[in-house]
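Spelled out from the first residue to the last, the chains are:
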Amino acid sequence: MAGRRRSLGRQFGWLWAAYGVSTVGTMLAFDAFPLIAILVLHAGPAAVSALAAAGLAVGTVLAVPLGPWVEFRAKRPVMVTMDLIRFAAVLSIPAAFALGLLGFAQLLVVSVVVGVADIAFRAASGVHLKALVAPEDLLIANGRFESTSWTATMIGPPLGGFAIGAFGPMTTVTADAVSYLLSALGIRAIGGQEAPPPTRGGTSAWLRRGELLEGWRHILTHPSLRPLLFNTILVNGLIMTTAPLLATLMLGSLGFAPWQYGLAFGAPCIGGLIGSRLARRLVVRFGQRRVLLASGALRACWVPWLALVGPGPGGLVLVVTVELGLITSCGIFNPVFATYRLEQTGTDRVARMLSAWTVTSKATIALLTALGGVLAGLTGPRTAIVVAGVPMLATPLLLPRTARTPTHDAVPAVVAD
């Protein structure tokens, strides 16, 4: 019942609000860079995939040192700074467009800057939330962030598609930039004393190799986190590989309007909202391990069907149906996964673990997206979607089969990759 909804405190409310406004802005600008490349710069499928892949690849390389850097600093100033960097970078796109100076290179540079800032923000936010939420409220907090994410995704793309059709492609990019500024203001409004960061032993060098690799060392030596890493990076990478391919197919040869493309990905997000609301109840009834395995397996079954999309209402219904099944499965999996991942990580390794995980995930997405773009250029987007979708069917084999006792000083996570 709504009247029995548990309060997680005023400070969490501000953090949640900041997350919500930035997520809404991002979803209004859903696939903004590919859309600008296609509609404004008239780029083809290979160039669109290259934009996504190159931005991710360069961004992840530059972000490798961020885990140790964030770990030993106050987290709230890092989050505010990353929001302001993203605000300035994204706002440069409509500014350049208005001056007639926008080019493909600028899209690439901005995607790199935003990618690096996003990794730092994720690492800092995961650690910062530990001071605001009690350990027993971990799954509740993750469920609320997940629910907010899918709600924004449900309403954002259709509104963004309408705005692009009515006012031009730069409208939603401007809204996205402003959302980062509002997020920074929300984080500043949290107030109170932030918990001090862990202190370094030994020398005060900015970066040491042991610190650089600690996140990966923790993940790869952990019997449950290791297979979860490989599962999630492959699933996310293969899903994201199809995004520019499907955008090119639907907005190009199939002739869908931008608002129809936005609707195809916005409407099914009701499944993510439902799934995230069900996650805690399912864990209480069936246990964390069973829910993780079942939802992780179910989300692997949908992507190959996207290759069958055709023109007209039938094609739109197919995409909506497939995305509904995929997103509902992810809506259940993501908060349970985020909770388990943080339960298995000590406080002094959280930022480095999150940074390593995000860097690995984004690098995999970059590699797979680049390969998908090359394949699409040679064989067409439909074949590339099939090649991305079929390996998804084997990813449940990488889910961990056993559960482990949570680490004593576990902390919650804001995001799930």
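## Quick look at the overall build of the protein
Looking only at helices and strands, one finds 16 helices and 0 strands in the protein. Counting across all 417 residues of the protein, residues that qualify as buried make up 56%. Intrachain contacts of the protein at a sequence separation of at least 6 include 88% that bridge at least 24 residues.

## Details of the confidence of the model for the protein
Averaged over every residue, the pLDDT of the protein is 82; residues scoring 70 or more account for 89%. Mean pLDDT across the elements of the protein ranges from a minimum in helix H3 (residues 45-63), with 70, to a maximum in helix H5 (residues 75-98), with 93. Overall, residues 410-417 carries pLDDT values under 50, and its contacts beyond four positions in sequence, including any with other chains, amount to 43 contacts.

## Side note on a nonpolar patch on the surface
On the surface, a cluster of nonpolar side chains totalling about 390 Å² of accessible area is made up of Leu84, Val178, Leu181, Leu182 and Leu185. No other element matches the 4 residues that helix H8 (residues 170-188) contributes to the nonpolar patch. Here leucine 182 lies in helix H8.

## Examining the environment of leucine 293
Tracing the chain through its elements places leucine 293 in helix H13 (residues 288-298). Residues leucine 293 and proline 396 lie 103 residues apart in sequence; the distance between their C-alpha atoms is 7.6 Å. Residue contacts for leucine 293: discarding those within four places in its chain leaves Leu399, Pro400 and Arg401.

## Structural notes on the packing of aromatic side chains
A full pass over the atoms with the stated rule returns 5 aromatic pairs. Ring geometry for phenylalanine 12 against tryptophan 16: centres 5.6 Å apart, planes inclined by 35°, an arrangement best described as tilted. Of this pair, phenylalanine 12 and tryptophan 16 are both found in helix H1 (residues 10-28), 4 residues apart, which corresponds to roughly one turn of the helix. Judged by its relative accessible area of 23%, tryptophan 16 is partly exposed.

## Some thoughts on the pattern of salt bridges
For the coordinates displayed, the defined rule picks out 5 salt bridges. Glutamate 214 is paired through a salt bridge with arginine 349; the nearest N and O atoms lie 2.7 Å apart. Taken together, the residues span a long stretch of sequence, with glutamate 214 in helix H9 (residues 209-220) and arginine 349 in the loop between helix H14 (312-343) and helix H15 (350-379) at a distance of 135 residues. The buried category is assigned to glutamate 214, whose relative accessible area is 14%. On the basis of relative accessibility, which here comes to 31%, the residue arginine 349 falls in the partly exposed class. Each member of the salt-bridge network shares a partner with another, and the members are Asp83, Arg86, Asp118 and Arg122.

## What about the packing of H13 against H14?
Between H13 and H14, the shortest axis-to-axis distance is 9 Å and the interhelical angle comes to 135°. What the angle tells us is that H13 and H14 run oblique. Every pair of crossing elements has a handedness; the one defined by H13 and H14 is left-handed. Between H13 and H14, the contacting residues are Gln288, Val291, Leu292, Ser295, Gly296 and Leu298 on the first element and Ser329, Ile332, Phe333, Val336, Phe337, Thr339, Tyr340 and Glu343 on the second.

## Notes on the nonpolar core
Formed by 56 residues in total, the largest nonpolar core has its most connected members in Leu129, Leu228 and Trp357. Of all the elements, helix H6 (residues 104-128) adds the most residues to this core, at 9 residues. Every residue in contact with leucine 228, bar those within four places of it in the chain, is listed here: Leu292, Phe333, Phe337, Tyr340, Trp357, Leu398, Leu399 and Pro400. If you look at the next biggest cluster of nonpolar residues, it comprises 22 residues, including Leu35, Ile164, Val309 and Ala376.

## Examining H15
Over its 30 residues, H15 extends 43 Å from the first C-alpha to the last, a length consistent with the 44 Å expected when each residue adds 1.5 Å. Within H15, 21 of the 30 residues are buried, which leaves it mostly tucked inside the rest of the structure. Backbone geometry just after H15 places glycine 380 at a positive phi near 105°.

## Focus on the packing of H5 against H6
Direction vectors running N to C along H5 and H6 enclose 160°, while the axes themselves pass 9 Å from each other. In terms of axis orientation, H5 runs roughly antiparallel to H6. Relative to H6, H5 is oriented so that their crossing is left-handed. Taken together, the residues of the contact of H5 with H6 break down into 17 nonpolar, 4 polar and 5 charged.

## With respect to the side chain of serine 295
Following the sequence through the fold, serine 295 ends up in helix H13. For serine 295, a relative accessible area of 4% translates into the label buried. The contacts of serine 295, once residues within four sequence positions are left out, are Ser329, Ile332 and Phe333.

## Remarks on helix H2 (residues 32-39)
In terms of residue burial, H2 counts as a mostly covered element, since 7 of its 8 residues are buried. Within H2 the residues assigned to the buried category are Ala32, Phe33, Pro34, Leu35, Ile36, Ala37 and Ile38.

Thresholds, definitions, all that
Residue numbers run consecutively from 1 along every chain, following the written order of its sequence. Residue-level local features of this predicted model are given only where pLDDT is at least 70; pairs of side-chain atoms are given and counted only at 80 or more, and the full residue set underlies all totals for whole chains, interfaces and linings. Side-chain measures here rest on the full set of heavy atoms in the structure, leaving out hydrogens and waters. By definition, any uninterrupted DSSP run of H or I lasting at least four residues is a helix, any uninterrupted run of E lasting at least two residues is a strand, and each is numbered from the N terminus. Note on exposure labels: buried denotes an accessible area under 20% of the residue type's maximum, exposed denotes more than 50%, and partly exposed covers the range between, all computed with a 1.4 Å probe on protein chains only. Here, residues are in contact when the closest pair of their heavy atoms is within 4.5 Å. Per-residue confidence from the prediction method is given by pLDDT, with values spanning 0 to 100. Every patch collects residues that have over 30% relative accessible area and no salt bridge, joining them within 9 Å if they carry like charges and within 5 Å if they are nonpolar side chains (Val, Leu, Ile, Met, Phe, Trp, Tyr). All accessibility values rest on the Shrake-Rupley procedure with a 1.4 Å probe; residue burial counts only the protein chains present in the view. By convention in these notes, a salt bridge is any Lys or Arg side-chain nitrogen within 4 Å of a carboxyl oxygen on Asp or Glu. Any pair of Phe, Tyr and Trp rings, taking the six-membered ring for Trp, is counted once the centres come within 6.5 Å. Such a pair is stacked with planes under 30 degrees apart, edge-to-face with planes over 60 apart, and tilted for the rest. Comment: axis = line fitted to C-alpha atoms, over the contacting stretch for helices; angle = value between 0 and 180 degrees taken between N-to-C directions. Oblique is the label for any angle not covered by the other classes, which are roughly parallel (under 35 degrees), roughly antiparallel (over 145) and roughly perpendicular (65 to 115). By the definition used in this description, the sense in which the near helix is turned from the far one sets the handedness, with an anticlockwise turn below a right angle giving left-handed and a clockwise turn giving right-handed. In this text, buried Ala, Val, Leu, Ile, Met, Phe, Trp, Tyr and Cys residues form a nonpolar core when linked through side-chain atoms within 4.5 Å. Here, expected helix span is obtained from the residue count minus one, scaled by 1.5 Å. Under the scheme applied, nonpolar residues are Ala, Val, Leu, Ile, Met, Phe, Trp, Tyr, Cys and Pro; charged residues are Asp, Glu, Lys and Arg; polar residues are all the others, including Gly.

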